[in-house]
Every structure is written in structure tokens, then in C-alpha cells.
Amino acid sequence: MYTTIQELIKTATREGRKISYVAKRLEAKELETTEEELTKSMRERFKVMKKSIETGLTQDLQSMSGLTGTEGKKFWKYIPNSITGKPVAEAIARAMAVGNVNASMGRIVAAPTAGASGILPAVILTVGELFKRSEGEMVDSLFTAGAIGKVIAIRASLSGAEGGCQAECGSAAAMAAGAAVELAGGSPHQVGDAVALALKSIMGLVCDPVAGLVEVPCIKRNGILASMAISVADLSLAGIRSVIPADEVIDAMKSVGEMLPNELKETALGGVATTPTAKEIEKNLKEVSPK
Amino acid sequence: MNIFDIIGPVMIGPSSSHTAGAARLGKVAMHILGEKLLFAEITLYGSFAKTHKGHGTDLALVAGLLGLQPDDERLRESFKLAKERGVGFKFLQGELKREMHPNSVMFKLKGSSSERVVVGASIGGGRVIVSSIDGFSVNISGEYPTVITLHEDKPGMVGRISTLLATYDINIAQMRVSRSQKGGTALMVVETDSEIPKYVEDAIKEIEGIKRAISIAPL
């Protein structure tokens, strides 16, 4: 059982392997199964991720509340004109596409949660394609992302209700950034730096869902944090180190989460959730009583 | 916690607590009824009552009652599916009581030969707890193979059931007995480490004093 990013980096570096290789071996041991079985299960999840991206980019979805639906598809079409440009714009569109699928009661993989489920698949697919990685390599990178998420879950939290959005979408971005570095051919150290840089960039981000629903601002936040994950992966690959090591940043995020008032932790009692427009939306939704 | 708790579960959105958890609650309730469901009166409390529409909580609860898994894409069409299968339902809103979890639901289920009242809550990450069956206090997660018995409240019943499980080499993980009144009907929930085959369930039903026994596979 591992509880720090540092020990994953150390083991992988000592063995001259990727973090995904080490994580897979440790997980197989803990679950008393084979690495082949784990890869098989992870590949199934990757397929669901890819399918959810495709669905969100091609179908005219509408969320249960009617507030969102086609942001991913719309942005995908806009990419040729975008300021951001490929591949980051693609990652943004893909992340929002999964958010759209999630909000319209489609099938997704929680990564690490349903509300943050767009970031990781979008980044892995985009960076994987860019570097012409095989499906197997992309599936492997999910083990790196999963191991990062596990350390965050153990040391801090992955839940918006406990730690705010920094713990939910922020963790997803940190997981995605680490996986992106590995896919791009970066070292285990660089994976750790990307995790630290990602979490430092969103430290303190609040969870303020309008009407308590996983839509506004969540879906667009998935898109923007996918772009941030790629940016910090780039920083790390360029050799720019995080002054504060990943584990210490995770611990800092935990303490910030504890300092955040409950109003900013998924209760819809603060942030954009209490703006006049949000209140109006909430009122309109309430008027539809249960059947 | 393993890596598939982080990269997973595969589920129908938008919310693990309000959608996936709701579907699981419906499914556990359906298993507790243990026979064909004809009508369900579903009362929503707290956050379930407030945000059920935007989260598809209502659709997920009905889907669960029909036996659908939390990752079944037919979740959003569950009302139509219920109609096709001749299952009726209606939704009510209740006042959240102090001791209740904010995501709570009460099912009043009418089956082909019996009725059951099941109260449960979605406690986060898709995990659920059933806290009461017909007014008997219980604590069922649905994560273990579970046997629920209704039996006469008399000496030796607990021993007979645990001995029988031991005979089939089934280890008990958790066990809880509660009763309506002394000498009346008691309800026992046994969660085990290994699966409970049909013949063991049948053997439990054969024990003298057992009125009803239901076995639930882990969800």
C-alpha cells in the first residue's frame, strides 16, 4: 500500500520503470489478482470513456434540468477558429462532452467522481493521440492517474462536499496532468511535478453548483481544467520544477479544504450558486413537483 | 480502496449519490420485497426531495426497483419501462427528520403477496444504507451477501441460523437482530463473506419458526 507520490516516484526511478508499471504491480498484489486482469478491467473503463467522449461530441444532448447539453459539441466545431488551437482546444471540447453526457444521464466513468469525469479521458485521449500512443499505453496511463488519485484520497479527499472543487475537479486535473506527462515520455519526477503544479494552480477552488446540480459551473470547469492539466504537464516536461513537492501540496490542499466554509462545499449556499440568476434558476426548477 | 474506486465506477450520471446511489437503493428495496413488485409509493426527503429532478433521482429509484444496474443506459427511460412491466409508482415529499441522512427515501412496496416498507439513504460515492424494514431497525449496505429473516422471537433462532451457515462453511461478517415486541416477530440481518447459494436459502426457510427468508447477492 502506497500513501505518497514520493514513494511511487522513488520506486519507479530505481527500477527504471514508469509509475503506471509500479502502480499496476502494487494494485495486483493488493487485490490478489494478476496484472493482466487489472489491465483488462481498465481497458473496459477506457472504452466507456472513449464512448462518452464520442457521444457528447456528436449527439444533441440535453441535461435533466435543461440548463446544459451541447457545449462540448459546439466547441468541437469551433476548434478551427479557436485562439487556443489544437490539441488543447480538443481536450477542452472532449472534457465538456463527457460532462454533457453525465448531466443527460448517459454512461460515464467516475474519474475520480462523476462531476469531474470529463478531465481525465479528454486529456489522455488528446495527449495519447498527439504522441501516437497505442491504446495499451493510454490504458496504462490510467494506472498512473489512478495511483495519484489514490494518494490524494488517502492524504486528503476527492469529494467536493469534503474539500471543495479543488478536491474534485482539481484532483482530476492533477491525475490527468500526471498521466499526460507519462504519455508524453516524461520521467516519474516530472509526473510528480505536474501533480504539484496542477494542485497549486487550483488551490482553494470552491464547489458551488447552481441549484445543487452537476452542471453549472461544473461542465465548463471540466473543460478549462483539462486545458490547465495539459499546460502544467508542458511546464513539467520543459524541466520546470515545482518548488513544493506533490505530497506537501496535497496536504496543503487538505488543510485548505478544512478551512473552507460549508457554504462552499457542494451545498449550493455560496459562490455562483447564490447569485440572483442562480436563485431564479433554482426557483424555476423547484416549481416542477415530483410526479 | 482500490484503483477502480478512483477510476470508476462506470455509472449513469449525473451524480454518484443522487443517481447511482438512488438506483442501488431501489435495487436493494426490490430484493428485500423478494417478489414481483406491483406498486411503489416513494417518499423523498432532504436533498433527494430538493434536487431529484435535475439529478434523475426519481428515474434512478424506479430503475432500481425494476432491477436495473446503476450503469444501465435504460435508467433514463425507467418510467416507460415500469409502465410496460405493469409496475405502478407515485412520488411524495416528506419532511426530513433530525436523525435522517439528507439523501433519504422511503419505499412502500406492494408485491404480489406481501407489502414492505423500506427506508434507506444514499451516503456518498454510490454507497447506500438501508436503515429500516417494516419499522425494524437494520443496517444493510448491499455490499455483502445478505440474508434477511422474519422469524418467531423465541430462544435458539439465532443459533440455528448461524449453525446452518457454519455447516455450509459460510462465515458471518455482521449480524443484527431486532424485534417488534417480546415473543412477537423478529427480524434478523446476516451479512456474510461468501455467497449464499439457493439451497442454503431454502434450508434456512425450512428451519422451524422462520416465517420468511430472503437472500440478496452483493450489488
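Look a little higher up for the structure.
Throughout this document, residue positions are counted from 1 along each chain, in the order its sequence is written. In the order they appear in the text, chains get letters beginning with A and ligands get numbers beginning with 1. Only residues with pLDDT of at least 70 are given local features in this predicted model, and only at 80 or more are side-chain atom pairs given and counted; all residues enter the totals for whole chains, interfaces and linings. Heavy atoms from the whole structure form the basis of all side-chain values; hydrogens and water molecules are not counted.

With that out of the way, let us pick up the packing of helix H3 (residues 35-58) of chain A against helix H5 (residues 88-103) of chain A. Residue and element names in this part refer to chain A. Orientation is described by axes fitted as lines to C-alpha atoms, over the contacting stretch for helices, and by angles from 0 to 180 degrees between their N-to-C directions. Here a strand is any run of E in DSSP of at least two residues, a helix any run of H or I of at least four, and the numbering for each starts at the N terminus. Close contact between H3 and H5 brings their axes to 7 Å; oriented N to C, the two are set at 90°. Here H5 runs roughly perpendicular to H3, going by the angle between their axes. Of the residues in H5, those in contact with Ser 52, Ile 53, Thr 55, Gly 56 and Leu 57 of H3 are Ala 93, Arg 94, Ala 97, Val 98 and Val 101. Ten residues, namely Ala, Val, Leu, Ile, Met, Phe, Trp, Tyr, Cys and Pro, are considered nonpolar, four, namely Asp, Glu, Lys and Arg, are considered charged, and the remaining ones, Gly among them, are considered polar. Split by residue class, the contact of H3 with H5 holds six nonpolar, three polar and one charged. Should an angle fall under 35 degrees it is taken as roughly parallel, and over 145 as roughly antiparallel, whereas 65 to 115 is taken as roughly perpendicular and any remaining angle as oblique. What makes two residues a contact is simply this: any of their non-hydrogen atoms within 4.5 Å.

Once that is clear, we can look at the sheet that holds strand S2 (residues 37-44) of chain B. Residues and elements named next belong to chain B. Two strands are said to pair when DSSP picks up at least two bridges between them. Overall, mixed pairing links the six strands, which are arranged S3-S2-S4-S5-S6-S7 in an open sheet. This sheet does not close on itself; its edge strands, each paired only once, are strand S3 (88-93) and strand S7 (136-140). Between one strand and the next, the sheet's axes are offset by a mean angle of 20°, whatever the strand orientation. Of the pairings in the sheet, the one linking S2 to S3 comprises six bridges and is parallel in character. Bridge pairing in S3 links Leu 44 to Gln 93. Contacting S2, strand S4 (104-111), strand S5 (115-124), strand S6 (127-133) and S7, helix H2 (residues 16-33) crosses the sheet at an angle of about 150° to S5. Contacts between helix H3 (residues 46-55) and the sheet are confined to S2, S3, S4 and S5, with S2 contributing the most and set at about 110° to the helix.

Attention now moves to the environment of A:Ala211. You can see A:Ala211 is positioned in the loop between helix H10 (188-201) and helix H11 (218-237). Separated by 139 residues in sequence, A:Ala211 and A:Gly72 place their C-alpha atoms 21 Å apart. Discounting residues that sit within four places of it in the chain, A:Ala211 has contacts with A:Glu282, A:Leu285 and B:Thr51.

This part covers empty space enclosed by the protein. All names here are of chain B. Only protein atoms enter the 1 Å grid, on which a cavity is a set of points fitting a 1.4 Å probe that cannot get out and a pocket is an open set with protein on both sides within 12 Å along at least 5 of 7 lines, lining residues being those with an atom within 4 Å of a point. Grid points are joined across faces, edges and corners, and a volume is the space filled by probe spheres set on the points. In the structure shown here, the tally under the stated rule is one cavity of 30 Å³ or more. Considering the residues around the largest cavity, the lining is formed by Ile 32, Arg 116, Ile 133, Ile 148, Thr 149, Leu 150, Leu 187, Arg 212, Ala 213 and Ile 214. Of all the secondary structure elements, the ones that give two or more residues to the lining of the largest cavity are strand S8 (146-152) and strand S11 (210-216). The residue inventory of the lining of the largest cavity, partitioned by class, reads seven nonpolar, one polar and two charged.

A word on the side chain of A:Glu27. Locating A:Glu27 in the fold gives a position in helix H2 (residues 19-30). For every residue, the accessible area (1.4 Å probe, protein chains only) is compared with the maximum for its type, and the residue is labelled buried under 20%, exposed over 50%, or partly exposed between those bounds. Judged by relative accessible area, which is 0%, A:Glu27 ranks as buried. Under this definition, polar contacts are N or O atom pairs within 3.5 Å; protein pairs additionally need one hydrogen-donor-capable and one acceptor-capable atom, and for neighbouring residues in sequence, both atoms have to be side-chain atoms. Of note is the side chain of A:Glu27, whose polar atom sits 2.6 Å from the side chain of A:Lys150. Ignoring any residue separated from it by four or fewer positions in sequence, one finds A:Glu27 in contact with A:Tyr2, A:Leu38, A:Lys150, B:Asn2 and B:Ile3.

Ranked by size, the top nonpolar core spans 94 residues in total, and within it A:Ile119, A:Leu120, A:Val123, A:Ile152, A:Leu199 and B:Ile7 carry the most contacts. The biggest single contributor to this core is helix H9 (residues 165-183) of chain A, with 13 residues. Beyond its immediate stretch of four places on either side in the chain, A:Leu199 contacts A:Ile152, A:Gln166, A:Gly170, A:Ser171, A:Ala174, A:Val249, A:Ile250 and A:Met253. Among the nonpolar cores identified, the runner-up in size contains 45 residues, and B:Ala63, B:Leu65, B:Leu81 and B:Val87 belong to it. Residues enter a nonpolar core if they are buried and are Ala, Val, Leu, Ile, Met, Phe, Trp, Tyr or Cys, with the set joined through side-chain atoms within 4.5 Å.

Further remarks concern the pattern of salt bridges. By definition here, a salt bridge exists when the distance from a side-chain nitrogen of Lys or Arg to a carboxyl oxygen of Asp or Glu is within 4 Å. A full pass over the atoms with the stated rule returns 24 salt bridges over all chains. A salt bridge links A:Lys150 to A:Glu30; its shortest N-O distance comes to 3.4 Å. Of this pair, A:Lys150 sits in helix H7 (residues 135-155) while A:Glu30 is found in helix H2, placing the two residues 120 residues apart along the sequence. You can call A:Lys150 buried: its relative accessible area is 0%. Across the pair B:Glu208 and B:Lys154 runs a salt bridge whose closest N-O atoms are separated by 2.9 Å. Highlighted residues: B:Glu208 in the loop between helix H7 (198-206) and S11 and B:Lys154 in the loop between S8 and helix H6 (157-167), separated in sequence by 54 residues. Assessed through its relative accessible area of 27%, B:Lys154 is described here as partly exposed.

This part covers the interface of chain B and chain A. Every contact between the two is made by 35 residues of chain B and, on the other side, 46 residues of chain A. Once two parts are brought into contact, the accessible area they lose, counted with a 1.4 Å probe and summed over both, makes up the buried area. Carbon and sulfur atoms make up 66% of the area that chain B and chain A hide from each other, which totals about 3,300 Å². Sorting the residues of chain B by area buried against chain A places B:Ile3, B:Phe4 and B:Ile7 first, and these three jointly supply 21% of that buried surface. The interface formed by chain B and chain A includes two salt bridges. Taking the shortest distance from any N to any O, the salt bridge between A:Glu282 and B:Lys50 comes out at 3.7 Å. Inspection of the region where chain B meets chain A yields 11 residue pairs in polar contact (both at pLDDT 80 or more). For the side of chain B that touches chain A, a count of residues per class yields 14 nonpolar, 12 polar and nine charged. Direction of pairing for strand S1 (residues 107-109) of chain A relative to strand S1 (residues 10-12) of chain B: antiparallel, over a ladder of three bridges. The partner of A:Val109 across the bridge, within S1(B), is B:Val10.

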